[in-house]
Amino acid sequence: MEIKGSAVKATPDFVKSNYYNRYNEWVNALPELSRYIIEHPIYATTWYPLMESTIIPTQKVAELFFGGDHVMAAREIGRFSSDIALKGMYKIFVRISSPQFVLSRASNIFATYYQPSDIKVIETSEKQTILLLSKFHRNEALIMERIAGWIEHTLEITLKSPLKAEVEYSVDGENLSARITATWD
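Calculation rules
Residues numbered from 1 in each chain as written. Predicted model: local features only at pLDDT ≥ 70, side-chain atom pairs only at ≥ 80, totals over all residues. Heavy atoms only, no water. Pairing = 2+ DSSP bridges. Helix = DSSP H or I, 4+ residues; strand = E, 2+ residues; numbered from the N terminus. Phe/Tyr/Trp six-rings, centres within 6.5 Å; stacked < 30°, edge-to-face > 60°. Buried < 20%, exposed > 50% of the residue type's maximum accessible area, 1.4 Å probe, protein only. Axes fitted to C-alpha atoms, helices over the stretch in contact; angles between N-to-C directions.

**Student:** When you look at the sheet that holds strand β2 (residues 47–49) in this model, what are you seeing that I'm missing?
**Tutor:** On the basis of which strands lie adjacent, the open sheet formed by three strands has the order β2-β1-β3 and antiparallel pairing. Lying at the two open borders of the sheet, with one neighbouring strand each, are β2 and β3 (114–115). Bridge analysis of strand β1 (residues 2–4) against β3 gives two bridges, and the strand direction is antiparallel. The partner of I3 across the bridge, within β3, is Y114.

Put into structure tokens, the structure is as follows:
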């Protein structure tokens with residue numbers, strides 16, 4: 001699986017923003033290929049290997065700053081990424097749009113960030129939307145948690161009511177798919 005550079009940048013930007021004094025410690029903790037990717041310019045439209053550019057760096061964030069809680073680290077990076085992506089006019093647009101509309105557009109955008117992947121809304125109602133993410137490898141589950149964090153924070157921008165994004169995984173051999181169910185009041 002590959003990921004677009006604009007999504008890769010979220011992890012080093014998150015570490016710089018929240019753990020600036022420990023940024024070099026984080027970079028030095030990465031394996032060689034991951035460190036190489038992070039230390040060189042990351043181009044928004046370039047494709048990078050998902051595991052080395054995003055999953056492993058997220059795991060290191062978890063180990064260094066979240067007591068080893070990989071899910072929490074991935075969710076927080078996803079939330080951070082939402083803030084970065086939804087600035088200015090986009091944030092205003094999201095605030096006036098319905099959650100269903102925002103998530104349907106987001107699923108289309110997510111599908112352009114990962115190749116090969118299939119990301120789509122499979123069900124929507126007044127207080128819930130379900131996305132199906134497929135064509136991932138079983139060791140790429142953390143990316144689903146990052147997407148769930150992005151969804152949670154984006155819905156917080158849209159709404160002022162309680163919400164949650166739950167991830168349910170399905171593994172078939174080496175293939176991973178996930179259903180992300182976003183609910184709100």
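**Student:** Sorry if this is basic, but what is going on with the packing of aromatic side chains here?
**Tutor:** We describe a pair of aromatic rings using the distance from one ring centre to the other and the angle between the two ring planes. In this structure the tally under the stated criterion is eight aromatic pairs. Aromatic pair F14 and F80: ring centres 5.6 Å apart, planes at 80°, arrangement edge-to-face. With F14 in helix α2 (residues 10–18) and F80 in helix α6 (residues 70–85), this pair connects stretches of sequence that are 66 residues apart. Feature note: the residues F14, Y19, F65, F66 and F80 constitute an aromatic cluster, connected by ring pairs.

**Student:** How should I be thinking about the side chain of S82 in this particular structure?
**Tutor:** With respect to the helices and strands, S82 occurs in helix α6. Under the relative-accessibility criterion, S82 is labelled buried at 0%.

**Student:** I would appreciate a short explanation of the sheet that holds strand β6 (residues 163–172) in the present structure.
**Tutor:** Adjacent strands of a sheet form backbone hydrogen bonds with each other and so pair up, either parallel or antiparallel. If you walk across this open sheet you meet the four strands as β4-β5-β7-β6, and the pairing is antiparallel. Among the strands making up the open sheet, the edge pair consists of β4 (118–125) and β6. Strand-to-strand, the axes of this sheet are offset by a mean angle of 20°, without reference to chain direction. Here β6 runs beside strand β7 (residues 175–184); their pairing, made up of ten bridges, is antiparallel.

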